[in-house]
Amino acid sequence: MSADSDTFESVKSVILSAHKSTTSEEKVNFYNRWAENYDRDVAVLDYRAPSLAANCISPYFSGVREAAIVLDVACGTGLVAKHMRKLGFGHFVGVDGSEAMLDKARESGLYQDLKHCLLGEEPLPVQWAGIFDVVVIVGALSAGQVPVSVIRDLCKATKPGGCICMTTRSNHDNLEYKAALESELKQMEEEELWTCLEVNEVEDWERAVSEQEDGYISGAVYLYKKL
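One structure accompanies this document, and this report is about it.

Quick notes on the rules
Residues numbered from 1 in each chain as written. Predicted model: local features only at pLDDT ≥ 70, side-chain atom pairs only at ≥ 80, totals over all residues. Heavy atoms only, no water. Buried < 20%, exposed > 50% of the residue type's maximum accessible area, 1.4 Å probe, protein only. Helix = DSSP H or I, 4+ residues; strand = E, 2+ residues; numbered from the N terminus. Arc of directions from axis to C-beta. Pairing = 2+ DSSP bridges. Axes fitted to C-alpha atoms, helices over the stretch in contact; angles between N-to-C directions. Contact = heavy atoms within 4.5 Å. Parallel < 35°, antiparallel > 145°, perpendicular 65-115°, else oblique. Left-handed = near helix turned anticlockwise from the far one by under 90°.

## Quick notes on helix 2 (residues 24-34)
Every buried residue of helix 2 is listed here: Val28, Phe30 and Trp34. With its buried residues spanning 155 degrees around the axis, helix 2 presents them on a single face. When the buried face of helix 2 is taken as reference, the exposed residues oriented beyond 90 degrees from it are Glu25 and Arg33.

## With respect to the sheet that holds strand 4 (residues 132-137)
Whenever strands of a sheet pair, they do so through backbone hydrogen bonds, lying parallel or antiparallel. Spatial strand order, 3-2-1-4-5-7-6: seven strands in an open sheet with mixed pairing. Taken across any chain shown, the strands that pair with only one partner, and hence form the sheet edges, are strand 3 (111-116) and strand 6 (194-207). Direction aside, neighbouring strands of the sheet carry axes that sit 15 degrees apart on average. Sheet analysis places strand 5 (residues 158-169) next to strand 7 (residues 216-226), joined by seven bridges and oriented antiparallel. For Arg169, the partnering residue across the bridge sits in strand 7 and is Gly219. Relative to strand 5, helix 7 (residues 150-157) is tilted by about 150 degrees, and along the sheet it contacts strand 1 (69-73), strand 4, strand 5, strand 6 and strand 7.

## Quick notes on the packing of helix 7 against helix 8 (residues 175-190)
Two numbers describe how helix 7 lies on helix 8: the axes approach to 10 Å, and their chain directions differ by 40 degrees. Considering the angle they form, helix 7 stands oblique to helix 8. Viewed along their axes, helix 7 and helix 8 form a crossing whose handedness is right-handed. Within the contact between the two elements, helix 7 uses Ile151, Arg152 and Cys155 and helix 8 uses Leu181, Glu184, Leu185, Gln187 and Met188.

What follows is the structure, given as structure tokens:
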């Protein structure tokens, strides 16, 4: 076995161990333990969602990027902010349920503010309603993570005319969640809360880790404009 495949197998076992976490506390503990090696491990997975999300937002944002306030939900160590910074965005507020992940995000020096919040169990601060130019959530909208209902909170936090970017996986284990997510996205569009700017289905999202899949799994990026 090559060093690369050996590394991939070890990362795979770490991620599969997360599937054993059922309570919120267990999931948070998993991410607290993973924070130290997270960036390295997702690089091994060729995890493209952070760059795909940033690149999706970029052509639709016509404001002053340095002045735009970006809410990075489930920010983790700050991978999305790193990609958005390269595209000229400069003001980031991060939210995550893991204190250890927030510590890593703090170390990055990219965020003006960071807040601990367990999405789906705690609401976003009421004073955040309608203040963000861009709201982005990458990676957390999937089965066993954040409930679909959270996207209404993301919409509330966005300024009228602002962008909301969301991602999810399209692999077999996440298809039911993805269908529920897309149903809610459509429902909110029918309620005239937002309008769809782009949906980008991506074949090579990240390397597959489940025993039932090999190669790469697919995923999707959704971009909406708040009305």
